[in-house]
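Summary of structural features
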Amino acid sequence: MGMKDQFQDKAEQWQDQARQKAQEAQDRMPQRGQRRDEETERLQQEEQDRLDQDYDA
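The rules behind each value
Residues numbered from 1 in each chain as written. Predicted model: local features only at pLDDT ≥ 70, side-chain atom pairs only at ≥ 80, totals over all residues. Heavy atoms only, no water. Helix = DSSP H or I, 4+ residues; strand = E, 2+ residues; numbered from the N terminus. Buried < 20%, exposed > 50% of the residue type's maximum accessible area, 1.4 Å probe, protein only. Areas by Shrake-Rupley, 256 points an atom, 1.4 Å probe, with all protein chains shown as cover. Salt bridge = Lys/Arg side-chain N within 4 Å of Asp/Glu carboxyl O.

When its secondary structure is counted, the protein chain shows one helix and zero strands. Burial statistics for the protein chain: of 57 residues in total, 0% are counted as buried. Within the structure as shown, the protein chain displays about 5700 Å² of accessible surface, and the carbon and sulfur contribution to it stands at 47%.

This is the structure in structure tokens:
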């Protein structure tokens, strides 16, 4: 195997690794968004509970 072939194989390996990392990062993104939505929903519920307590008093 010549030097050119070795460099080409290495470049292809790096490209594959980059694609895999990009896919993994993309797969994690919805989970982050879901956590943000849950956190936002929880904060809104707490605020609504405080408001309800103010009106009940």
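On we go from here.
Attention shifts here to the pattern of salt bridges. Pairing between side chains of opposite charge can happen when the charged atoms of each approach one another. Applying the stated criterion across every chain yields a total of five salt bridges. In this structure, the salt-bridge partner of D16 is R19, at a minimum N-O distance of 2.8 Å. Of the two residues, D16 and R19 both sit in helix α1 (residues 3–56), three residues apart, roughly one turn of that helix. For D16, a relative accessible area of 40% gives the class partly exposed.

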